[in-house]
Amino acid sequence: MTLLIEENPPRTEEKAKTTHGKVRLREHLMGWLFVGPFGLVFLAFLIAPLAYALYLSLFQKKLIGGTSFVFLDNYAKAFTDPSFLSGAWFVIRFALFAIPLQILLALGMALILDAVTSVFIRFSRLMIFLPYAIPTVIGAVMWGFLYSKSFGPLTDIFALFGGTAPDFFSKNLIFYGLLNVVTWQWAGYYMIILYAALQGIDPTLYEAARMDGAGRWQIALRIKIPLIAPALVLILVFSLIGTLQFFNEPQILRYLAAGTIGPDFTPNMYAYSQAFKLANFNYGSAISFALGGIVFACVYAFLFFTRKRRSFL
Amino acid sequence: MTTVSRAGGRRRPQRHLPLQVLLGFLVVYFLVPFWWVIVNSSKDSPGLFSGGNTLWFTDNVDYLGNLERLFTYDGGIYGRWILNSTLYALAGGLGATILAVMAGYGFAKYRFAGRRFSFSILLGALMVPGTALVIPTFIMFSGLGLTNTIWAVILPSLLNPFGVYLMHVYARDAVPDEILDAARVDGAGELRTFLRVAFPLMRPAVVTVLLLSAVASWNNYFLPLAMLSDNRLFPVTVGLGVWQGIASANNSGGTSLWSLIILGALVSVVPLIIAFFTLQRHWRGGLSVGGLR
């Protein structure tokens, strides 16, 4: 630290130039000293694994003949592999339902919490956010209990009305069962982000809008939502990335939903089972990389179509 | 002027009752799983499977007995899992936060060579799905003999590109260059300026990033599931997942395990809930950063 203490720069015109050069050099050095430690971690745990996965995905290991370079064969295999394609189709379909549902719910709740003040409202805000503090695995375990035929409440509740309880572990309903779990898990978190953005809006804007005769709905639609558009884009991107990588919840519920959730239910589960159950690291890496490519393409396309709305990037 | 303020005064006491009722239903929805777990962790296995009301207590409320069974089952492995989770969350969270704060400040306040390029790489990295890294990291670590150690879980958790992005935005807006220059003119070194002048100004964002990275480590499932095979190193997420697999696989023999899993799920969520509620004032200010500017 003592090394870095700046000497008082001489005030003469002539020396100012050299001091400026020295300051510039030091600014480069200090910048890299601050960014460097993260840079090393970034290289070691992001760039290196990505490069390595790409490398691995270009090889195939055979019982006879050992490992050989096959270039893009693994990708050709993945994009014609019904297991990968059905998993990818599932997560894309799931994202198309889950993301709008979560964000509309979060937006609605955030607007209510922003517009109304009462003790109950403050309590609600905390309670709605609560599931975010729950690990997704535990959340899935908890909903697994509630869906369960042997000790869940659904059987009793539906018996009350003389119906039979839906089986959320069946092939037809697992989509909705999982949709409910992720909505419960994430809507509160998105709500808090949107709520924080709403609270940051200058209230004099509402006053001005009211003077112009705008009602509560118009203020919400014309002022509040456009002003928090960057926050909406941010959570859309994060939910898109998260949903396409779907793994934890189906992995946990697959024990309870035996026969419905197979090892190839989502691309990530398929990559995991290829790599760790079948020790097929090359194909597992190719699936991971192909999924990463799909995620990247989806996010890029999304940001491209929303670029007019001053996104967060 | 007076009419406007009177109108505003009349509007304020409105409680929007329908909206509050609607919100009440939503709160019930968000709390139902917690309620189920709280109620059913008081039951023993016969009570659990007796077919009574699953949303209410039985006559036999036995939290203490269940807690004792939970923490003594299999040589007290559950307590170990909680400690492991705590270690991973603290080490990963603290490490990731220190790196993110430094890098965010560096990106915001120094015009160094390669800054624009490395920052755009960082923004691209926000879109890299974290789970895509697990398989190659596993193979790299197994070459170094690091799999099945605590480092296999802690080291990859140090990476938090979003934390760097958040800190960058916050440092750029909340730390004025003039204050830094003034500190330098007063003879403070760069590190001293950072620690004494910039850091206190960045504190709300620091708490937010710390909490977000600690939660991410605590919640992590895919990484430890892939890296660890010794169940004494498991975090509680992987441990409970394994128990659930055992309990579901042999439905008759596993019934005693179900009551442990239910209480185990409840106990495992208590530390984070406490952390969130006690730190509430600090992280709320930081959350708006990512979205607003």
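Residues numbered from 1 in each chain as written. Chains lettered and ligands numbered in written order. Predicted model: local features only at pLDDT ≥ 70, side-chain atom pairs only at ≥ 80, totals over all residues.

J.: For this particular structure, what's the right way to read the overall build of chain A?
T.: A count of helices and strands for chain A gives 13 helices and 2 strands. The 313 residues of chain A split such that 42% are buried. Sequence separation of 24 or more characterises 68% of the internal contacts of chain A that already satisfy a separation of 6 or more. (Helix = DSSP H or I, 4+ residues; strand = E, 2+ residues; numbered from the N terminus. Buried ≥ 20, exposed ≤ 12 C-beta atoms within 10 Å, placed from the backbone. Contact = placed C-beta atoms within 7 Å.)

J.: What exactly am I supposed to notice about the overall build of chain B here?
T.: Each helix and strand counted, chain B has 16 helices and 0 strands in total. Once local pairs closer than 6 in sequence are excluded, the contacts in chain B between residues at least 24 apart make up 74%.

J.: Explanation requested: helix α8 (residues 150–157) of chain B in the structure shown.
T.: Side chains that are three or four residues apart share a direction in an α-helix, a result of its 3.6 residues per turn. Regarding α8(B), the residues found buried are B:A152, B:V153, B:P156 and B:S157. For α8(B), the arc enclosing every buried residue in end-on projection is 115 degrees, short of the 170-degree limit, so these residues lie on one face. (Arc of directions from axis to C-beta.)

J.: Please explain the interface of chain A and chain B as it appears in this structure.
T.: Where interface size is quoted, it is often the accessible area lost as the parts come together. At the junction of the two partners, chain A supplies 85 residues and chain B supplies 80 residues. Top element by residues in the side of chain A that touches chain B is helix α1 (residues 13–56) of chain A. It accounts for 19 residues. Along the lines of polarity and charge, the residues of the side of chain A that touches chain B split into 66 nonpolar, 16 polar and 3 charged. (Nonpolar A, V, L, I, M, F, W, Y, C, P; charged D, E, K, R; others polar.)

J.: What am I meant to see in the UniProt feature "domain: ABC transmembrane type-1" (unreviewed entry) in chain A here?
T.: When the UniProt feature table is mapped onto this chain, "domain: ABC transmembrane type-1" (unreviewed entry) is found at residues 88–304 of chain A. In residues 88–304 of chain A, the share of helix is 74% and the share of strand is 0%. The end C-alpha atoms are 22 Å apart. (UniProt positions renumbered as here; feature names shortened; annotations may be inferred.)

J.: Even after reading the chapter, I still don't get the UniProt feature "transmembrane region" (unreviewed entry) in chain B, so can you show me in this structure?
T.: Residue and element names in this part refer to chain B. Under the UniProt annotation, "transmembrane region" (unreviewed entry) lies at residues 21–39, 87–107, 119–144, 150–171, 201–223 and 257–279. Strand forms 0% of residues 150–171 and helix 86%; the C-alpha atoms that close the span are 33 Å apart. Between the end C-alpha atoms of residues 257–279 there is a gap of 34 Å, over a span that is 96% helix and 0% strand.

J.: How should I be thinking about the UniProt feature "transmembrane region" (unreviewed entry) in chain A in this particular structure?
T.: Following the UniProt record, one finds the feature "transmembrane region" (unreviewed entry) at residues 32–55, 90–113, 125–146, 173–198, 219–241 and 286–305 of chain A. The distance from the first to the last C-alpha atom of residues 219–241 of chain A is 31 Å, and the span holds 96% helix and 0% strand.

J.: Just to check I follow, could you spell out the nonpolar core for this structure?
T.: The nonpolar side chains of a soluble globular protein tend to be buried with one another. Ranked by size, the top nonpolar core spans 163 residues in total, and within it A:A110, A:V141, A:M191, A:L194, B:M167 and B:A265 carry the most contacts. For this core, the leading source of residues is helix α7 (residues 174–199) of chain A, giving 17 residues. Split by domain, the residues of this core number at least three in each of domain 1 (16–56) and domain 2 (73–309) of chain A. (Core = buried A, V, L, I, M, F, W, Y, C linked by C-beta atoms within 7 Å. Domains from an automatic or database assignment.)

J.: Help me understand the environment of A:R216 in this model?
T.: All names here are of chain A. Structurally, R216 is set in helix α9 (residues 216–227). Looking at R216, the number of C-beta atoms within 10 Å reads 14, which means it is partly exposed. When the C-alpha atoms of R216 and Y206 are compared, they prove to be 9.2 Å apart, with 10 residues separating the residues in sequence.

J.: Just to check I follow, could you spell out unusual backbone geometry for this structure?
T.: Excluding glycine, residues mostly carry a negative phi; peptide bonds, for their part, are mostly trans. With phi around 55 degrees, A:F71 is a residue other than glycine that occupies positive phi space. Tracing the backbone shows A:F71 in the loop between β2 (66–69) and α2 (73–78). Although it is not a glycine, B:D74 sits at a positive phi angle of roughly 55 degrees. When you line up the elements, B:D74 lands in the loop between α4 (63–72) and α5 (77–109). By the C-beta count within 10 Å, which is 11 here, B:D74 ends up exposed.

J.: Is there a simple way to explain the packing of α5(B) against α8(B) in this structure?
T.: Each pair of packed helices gets described by two things: the angle between the helix axes and the distance between those axes. Residues and elements named next belong to chain B. Taken N-terminus to C-terminus, the directions of α5 and α8 make an angle of 35 degrees; their axes are 8 Å apart at the nearest point. Every pair of crossing elements has a handedness; the one defined by α5 and α8 is right-handed. Contacts between α5 and α8 pair L87, Y88, A91, G92 and A96 from the former with I150, V153, I154 and S157 from the latter. Tallied by class, the residues present in the contact of α5 with α8 amount to 7 nonpolar, 2 polar and no charged. (Axes fitted to C-alpha atoms, helices over the stretch in contact; angles between N-to-C directions. Left-handed = near helix turned anticlockwise from the far one by under 90°.)

J.: How should I be thinking about the confidence of the model for chain B in this particular structure?
T.: Caution applies to low-pLDDT parts of the model: their predicted coordinates are not meant to be read in detail. All names here are of chain B. A residue-level look at chain B finds 88% of positions with pLDDT of 70 or above and a mean pLDDT of 82. Mean pLDDT across the secondary structure elements of chain B bottoms out at helix α1 (residues 2–11), with 40, and peaks at α8, with 93. Low pLDDT, under 50, characterises residues 1–13; the predicted model gives this stretch 0 contacts beyond four residues in sequence or across chains. Interface confidence for the predicted complex, expressed as ipTM, amounts to 0.82; the pTM equals 0.83. (pLDDT = per-residue confidence, 0-100.)

J.: Just to check I follow, could you spell out the environment of A:L205 for this structure?
T.: Among the secondary structure elements, A:L205 is positioned in helix α8 (residues 204–211). Considering only alpha carbons, one finds A:L205 and A:P131, 74 residues apart in sequence, at a separation of 33 Å.

J.: Explanation requested: the environment of B:D44 in the structure shown.
T.: All names here are of chain B. Mapped onto the secondary structure, D44 falls in the loop between α2 (17–40) and α3 (45–49). C-alpha separation for the pair D44 and N60, spaced 16 residues apart in sequence, amounts to 7.9 Å. The residues touching D44, leaving out its near neighbours within four places in the chain, are N60, D62 and S259.

J.: Would you mind going over the packing of helix α12 (residues 267–277) of chain A against helix α13 (residues 281–305) of chain A with me for this structure?
T.: Residue and element names in this part refer to chain A. Interaxial distance between α12 and α13 falls to 7 Å at its minimum, and their mutual angle equals 165 degrees. The orientation of α12 with respect to α13, classified from their angle, is roughly antiparallel. Considering the relative orientation of α12 and α13, their crossing is left-handed. Two secondary-structure elements touch here, α12 through P267, N268, Y270, A271, Q274 and A275 and α13 through F281, Y283, G284, I287, S288 and L291. A per-class count over the contact of α12 with α13 returns 8 nonpolar, 4 polar and no charged. (Parallel < 35°, antiparallel > 145°, perpendicular 65-115°, else oblique.)

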